[in-house]
Amino acid sequence: MDSAATLNLFRAAGALLEGHFKLSSGLHSTGYLQCALVLQDPTRAEQLGRALGAQLKAHGSNVVLSPALGGLIIGHEVARALGVRAIFAERQEKVLALRRGFTLSTSDRVIVIEDVVTTGLSTRETIEVAKAAGATVVAAGSIIDRSGGTSNLGVPYHSLAALTLPTYEPDACPLCAAGSPVTKPGSRV
Ligand code: ZN
């Protein structure tokens, strides 16, 4: 599945809207992305996991690690495609950690999977969780790369599609300046 096919899957699911949006942060943007809306369909989730898994297979991992919540479903689907186990890290007192009896050891070769990489911060934190447990992180992957190539994860990184959605302060928004009406994502009109 190439970048265009991936983004079309998102558009078909209403998971990628293009226009002029007011985000929950208050910023304005030319687009709105919500991976959960495409992943709610198990067939699409499996399809995306298979496509991402195919790009990552050569790294020879034996476990997929994802940060909760965003990485859970796609991490599980990539693990299904690779035939390896899927575990996740979650925040306890703001610190990302393995819980629920999940373990990693020095023999584990980990792939870290996210839904979207924007700054790369949570991906890097997840990589550190695996390293702290003594495991080797062989690669990282996400469905969408919103980093503009700036995520700098320190391991090979694969995504199904790159997407740049600029955000603006409302008083500096060129769409507002052009007189375009702003809408809230999710509100049907
Ligand atoms: Zn605006």
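The notes below deal with the structure included here. (Residues numbered from 1 in each chain as written. Predicted model: local features only at pLDDT ≥ 70, side-chain atom pairs only at ≥ 80, totals over all residues. Heavy atoms only, no water.)

### A few points about the nonpolar core
In terms of nonpolar packing, the biggest core is built from 32 residues, with F10, L48 and I144 touching the most fellow members. Of all the secondary-structure elements, those providing two or more residues to this core are α1 (3-12), α2 (35-39), α3 (42-56), α4 (72-82), β6 (109-117), β7 (136-145) and β8 (157-162). The residues touching L48, leaving out its near neighbours within four places in the chain, are M1, T6, L9, F10, V38, L39, I74, I143 and L160. Listed in part, the 16 residues of the second largest apolar core include L65, A89, L104 and V155. (Core = buried A, V, L, I, M, F, W, Y, C linked by side-chain atoms within 4.5 Å. Buried < 20%, exposed > 50% of the residue type's maximum accessible area, 1.4 Å probe, protein only. Helix = DSSP H or I, 4+ residues; strand = E, 2+ residues; numbered from the N terminus. Contact = heavy atoms within 4.5 Å.)

### Section: the packing of α1 against α3
Each pair of packed helices can be described by the angle between their axes along with the distance between the axes. Where α1 meets α3, the closest approach of the two axes is 12 Å, and the angle between their N-to-C directions is 165°. For the element pair α1 / α3, the angle class is roughly antiparallel. Remark: the crossing between α1 and α3 carries left-handed chirality. Here α1 contributes T6, L9, F10 and A12 to the contact with α3, which in turn contributes R44, Q47 and L48. For the contact of α1 with α3, the class distribution of residues is four nonpolar, two polar and one charged. (Axes fitted to C-alpha atoms, helices over the stretch in contact; angles between N-to-C directions. Parallel < 35°, antiparallel > 145°, perpendicular 65-115°, else oblique. Left-handed = near helix turned anticlockwise from the far one by under 90°. Nonpolar A, V, L, I, M, F, W, Y, C, P; charged D, E, K, R; others polar.)

### Observations concerning the coordination of the zinc ion
At this site the zinc ion is bound by H20 (NE2), H28 (ND1), C173 (SG) and C176 (SG), with donor distances of 2.0 to 2.4 Å. Because the angles between the four donor atoms bound to the zinc ion fall within 95 to 120°, the donor set is best described as tetrahedral. All donor residues of the zinc ion come from one chain, and their arrangement in sequence is H-x7-H-x144-C-x2-C. Of this pair, H28 sits in strand β2 (residues 28-33) while C173 sits in the loop between β9 (167-168) and α6 (174-177), and the two are 145 residues apart along the sequence. Each member of the pair H28 and C173 is classed as buried. (Donors = N, O, S within 2.8 Å, 3.2 Å for Na, K, Ca; no water. Tetrahedral: all angles 85-135°; square planar, octahedral: opposite > 155°, others 65-115°.)

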